[in-house]
Amino acid sequence: MEDEEIVGLIMAVVLLLLVAVIIVLFTVFLKRKNKLIVAQEKAKKAFERELAETQIEIREETLRNISWELHDNIGQLMTLAKIQVQMARQSPENLDEVAETIGTGLTELRALSKLINPEALKSLSLKEALNLEIERFNRLNFIKSTFTVEGEPLNMDQQKEIILFRILQEFFSNTIKHSKAAHLDVLLKYDSPCLEITAKDDGVGFAQDSKFAGIGLKNMENRAQLIEAQLRITSEENIGTALRLTYCIPQKNV
Amino acid sequence: MDAVIAILEILSKVAEGTALLASILFYSKYKHTALKFLPILLGYMFLLEIFGWQLYNYVGFNALFYNVFNLCFYLFFFYVFYYFLHKRSNKKGVVILVGIFIISLIVDLITFDFVHESLLYSYITGGCLIVICVILYFLEMLNSSRVLSLRQDLLFWMGIGLLLFYMGYIPVKITRLYFASLQNTFMTLLIMHQVLIIILYGCFTAGLLWKMKK
């Protein structure tokens, strides 16, 4: 083979190699990109499904709370007012008391109507929603609760706030239903770009490996995972249960 | 043949000049990254391409300036890949590659005259090592969500250019060593070299333009 032919052959091989590299690169990157897009689409759909489910659960819980409040709070006040009216027939000077009771009932009713207004509910931030929840516990004497906020509130995605709220609502619901706790303390600590939520009760607690712990917490854990928040629930029998939820706002790559 | 080479030489200089211009115009897009020295490197390269022969005629040699450029070019890209690779093992890999490059440079300095001759071993070794860096970077990209915005990734385009250039030019360089005396083959290899330069700086310009659109 002549020298010139060898050079020609080498150049042909190099050219072929370059074309092959371009084709391989194009195919591999395109395939990987499509795969990632499909995965992202799936994750987005799963998130939307979970979000819708969460919103339905919050709505159900709200309806349950309204029913409770109407029955236990406003209903009781109206019953008391009725008794007072009946008694006022004999002693009309007690009518002031009746007016006061009806006034309290009306105030409670107004507060409730404000709370269940969908527009008002939509615009609530996590801090406001939690504050209302804690106020309600105290008002209805479900459990003595405190709510503390530290730091400057962060501008968070509302969808993420809904999920965080639902996780906490589930924890509160478990505390009220099962823990027999007398106190509940909730702390919201904003430390940009992270939010750390701590909720503690002094109830009966449960063993970490109990079936209750397994089933009850799985849902909360799944939701926390969905928004890439860290959830840790610790419990000691006869001492109480504590929840620690940390969520950091994702930082955009520079 | 001569006309083709003349046209390609002009085109390659245009490609280099365009890349330099784009790197200056869109400097603000990448000035906070390791690529901040890119305009200096491209400026040096452009001046060398324009005044390379004049320099040879004036001082009697120009290999020194090309050797310095190649050395800066390789070290710059090692630094860039070290900066942009995220995986610790890959960063360590780049450090090892730099070590290998330095060894080849030492061998070159012993074998060749740095002022009057083009360095060979470090050029070929450096080219191969840059190809490895590009592959590491591409693998990292493929395993992250960065693959979704690869058109806007300046280093992706630079990587494509470097990969194609060195995969094409290293065989050309080696072939040139053995067949440089043949006029016809020398011309063929020169054409190939010019085409590869156009591809390399074309990719640089494309990356900078996409970066501007981001």
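Above: the structure in question.
Since we're looking at a predicted model, the values are computed, not measured.

Conventions and cut-offs
- Residues numbered from 1 in each chain as written.
- Chains lettered and ligands numbered in written order.
- Predicted model: local features only at pLDDT ≥ 70, side-chain atom pairs only at ≥ 80, totals over all residues.
- Helix = DSSP H or I, 4+ residues; strand = E, 2+ residues; numbered from the N terminus.
- Expected span 1.5 Å × (residues − 1).
- Bend = angle between axes of the 7 residues up to and from the residue.
- Contact = placed C-beta atoms within 7 Å.
- Core = buried A, V, L, I, M, F, W, Y, C linked by C-beta atoms within 7 Å.
- Buried ≥ 20, exposed ≤ 12 C-beta atoms within 10 Å, placed from the backbone.
- Pairing = 2+ DSSP bridges.
- Axes fitted to C-alpha atoms, helices over the stretch in contact; angles between N-to-C directions.

> Outline helix H2 (residues 38-59) of chain B, listing residues and values.
Residue and element names in this part refer to chain B. A rise of 1.5 Å per residue sets the reference length of H2, with its 22 residues, at 32 Å; its end C-alpha atoms lie only 27 Å apart and thus fall more than 12% short of the reference. Approximately 60 degrees is the largest bend angle found in H2, and it occurs at Phe51. Packing partners of the buried residues in H2 comprise helix H1 (2-25) and helix H3 (63-84). Gly60 lies just past H2 and shows a positive phi near 90 degrees.

> Kindly report on the nonpolar core, identifying the contributing residues and their values.
Among the nonpolar cores identified, the biggest contains 53 residues, and Cys133(B), Tyr137(B), Leu162(B) and Leu200(B) are the most heavily contacted of them. Sorting the residues of this core by element identifies H1, H2, H3, helix H4 (88-111), helix H5 (121-142), helix H6 (154-179) and helix H7 (183-213) of chain B as the ones contributing at least two each. With 13 residues, the top contributor of residues to this core is H6(B). Not counting chain neighbours up to four residues away, the residues in contact with Tyr137(B) comprise Phe81(B), Phe84(B), Leu85(B), Leu155(B) and Gly159(B). Formed by 25 residues, the second largest nonpolar core is a distinct cluster that contains Ile167(A), Leu168(A), Ala181(A) and Ile197(A).

> An account of the sheet that holds strand E1 (residues 144-150) of chain A is requested, with residue identities and associated values reported.
All names here are of chain A. If you walk across this open sheet you meet the 5 strands as E1-E2-E3-E5-E4, and the pairing is mixed. Both outer strands of the open sheet, E1 and strand E4 (230-236), are each paired with one neighbouring strand and no more. Ignoring strand direction, the axes of neighbouring strands in this sheet form an average angle of 10 degrees. Sheet analysis places E4 next to strand E5 (residues 240-248), joined by 7 bridges and oriented antiparallel.

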